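Topology and contacts: notes
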Amino acid sequence: MTCQGLILTVVFVMLCRAEADTVIQKKVVEVGGNVTLSCLLMGSYDILQVTWQKTNTRENLATYSVSKGVTVAETYRGRLNFTRLSLNDTAITLWRVGIQDDGCYKCLFNTFPTGAIPQDTCFTVYEQLRGSLHYIISEGNLTATCSANAWPRPVISWIVPKAQSEKTEEVVTHPNGTLSVISKLYVNRSTSLAGQLLICRVRHMEKDRDYSVKVEDGWWFSVPWLLATAALLIVFVVLVLTVVCWRRRRKKQSESKAS
Ligand SMILES: *[C@@H]1O[C@H](CO)[C@@H](O)[C@H](O)[C@H]1NC(C)=O
Ligand SMILES: *[C@@H]1O[C@H](CO)[C@@H](O)[C@H](O)[C@H]1NC(C)=O
Ligand SMILES: *[C@@H]1O[C@H](CO)[C@@H](O)[C@H](O)[C@H]1NC(C)=O
Ligand SMILES: *[C@@H]1O[C@H](CO)[C@@H](O)[C@H](O)[C@H]1NC(C)=O
Ligand SMILES: *[C@@H]1O[C@H](CO)[C@@H](O)[C@H](O)[C@H]1NC(C)=O
Ligand SMILES: *[C@@H]1O[C@H](CO)[C@@H](O)[C@H](O)[C@H]1NC(C)=O
């Protein structure tokens, strides 16, 4: 093969690849929603049966043939069925999808004498993002907590004023498959943040959502300051009282002297 021929072949293969990728359907379904997957086999084939499989597990979900009719796997009964019943044009619907349903599915046209002709179709399940942001100040140190519950995994980043800070992140998987990402931000001597904005940016399904709080400039609420202020106040009151008493006494003394 000549060099040019080789390059042409490579380009051709790449074009075919790109074509194949675009042919695969990419649907997005919210948890609890319904999805319909379909396959069409063009051309004249003698199709005996269509079989739907989950690609990663190779488990048979449903089959249809003229002789045996429809069968649906035990674990899917009640929430999966054929919604287009034809050997060369088939569709199944999944109701009340869960996160475990996310992925790719294969329909196999069992033909004679060619054998099984597969097609792939995929969909992504998502759960809407629910997030929150709050902070507490204790001993003058700030701890801000941003949590994001969703599927697929949300990604948290912080936009905060320049200050020495530390971050920790924790991911919790709930029994229903959704994730909670909890990110904490620690800043010592939070007075430097008074009046400033803390922003927690959560990226989910290629979109950003910001949660923000303004740090109260309430430095006097911190315990040491409260104690110091109280002590000062007491000292001041005592001082005032002492002065008042002393002046009264002097007044009385001078009055008694004058009489
Ligand atoms: C899913 O299908 C059921 C039954 O057909 C229907 O009642 C429900 O509204 C559908 N849900 C959505 C989100 O389309
Ligand atoms: C599917 O099969 C039917 C009859 O079995 C035929 O009329 C139709 O043209 C076929 N469709 C395609 C896309 O090949
Ligand atoms: C499944 O679909 C077939 C064909 O459309 C229908 O005859 C059957 O009643 C459906 N089964 C259920 C459980 O809905
Ligand atoms: C805050 O102070 C604690 C205790 O001194 C220290 O361990 C921690 O690294 C400090 N954090 C920051 C962000 O400076
Ligand atoms: C999944 O579980 C989490 C935590 O228990 C809950 O907040 C969320 O609403 C659940 N999602 C669904 C779709 O049930
Ligand atoms: C608060 O920060 C100071 C340093 O500025 C540190 O010494 C102290 O241990 C911190 N307190 C807590 C509860 O982390």
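Residues numbered from 1 in each chain as written. Chains lettered and ligands numbered in written order. Predicted model: local features only at pLDDT ≥ 70, side-chain atom pairs only at ≥ 80, totals over all residues.

This part covers the overall build of the protein chain. The helix and strand inventory of the protein chain stands at two helices and 15 strands. Expressed as a percentage of its 259 residues, the buried residues of the protein chain come to 17%. (Helix = DSSP H or I, 4+ residues; strand = E, 2+ residues; numbered from the N terminus. Buried ≥ 20, exposed ≤ 12 C-beta atoms within 10 Å, placed from the backbone.)

Quick look at the site of ligand 5 now. Every residue lining ligand 5 is accounted for by Val 31, Gly 32, Glu 127, Asn 149, His 174, Asn 176 and Thr 178. Along the lines of polarity and charge, the residues of the shell around ligand 5 split into one nonpolar, five polar and one charged. (Near = placed C-beta within 6 Å. Nonpolar A, V, L, I, M, F, W, Y, C, P; charged D, E, K, R; others polar.)

Mean pLDDT over the protein chain works out to 87, with 86% of the residues at or above the 70 mark. With pLDDT under 50 throughout, residues 5-23 is counted as low confidence; its partners more than four residues away or in other chains account for one contact. (pLDDT = per-residue confidence, 0-100. Contact = placed C-beta atoms within 7 Å.)

The subject of this paragraph is the sheet that holds strand β7 (residues 89-94). Taken together, three strands build an open sheet; the order of strands is β2-β7-β6 and the sheet is antiparallel. Each of the sheet's edge strands pairs with one partner strand only, and the pair in question is β2 (35-40) and β6 (80-84). Going across the sheet, the axis of each strand differs from the next one's by a mean of 25°, ignoring polarity. (Pairing = 2+ DSSP bridges. Axes fitted to C-alpha atoms, helices over the stretch in contact; angles between N-to-C directions.)

Core analysis: the biggest nonpolar cluster contains 18 residues, and Leu 142, Ala 144, Cys 146, Ala 148, Ile 156 and Cys 200 have the highest contact counts within it. Counting residues per element, the ones that place at least two in this core are β9 (115-138), β10 (141-151), β13 (179-187) and β14 (197-204). The element contributing the most residues to this core is β10, with six residues. Once residues within four sequence positions are removed from consideration, Leu 142 is found in contact with Tyr 135, Ile 137, Val 187, Ser 190, Leu 193 and Val 215. With 13 residues, the next largest nonpolar core counts Leu 37, Ile 92, Leu 94 and Cys 107 among its residues. (Core = buried A, V, L, I, M, F, W, Y, C linked by C-beta atoms within 7 Å.)

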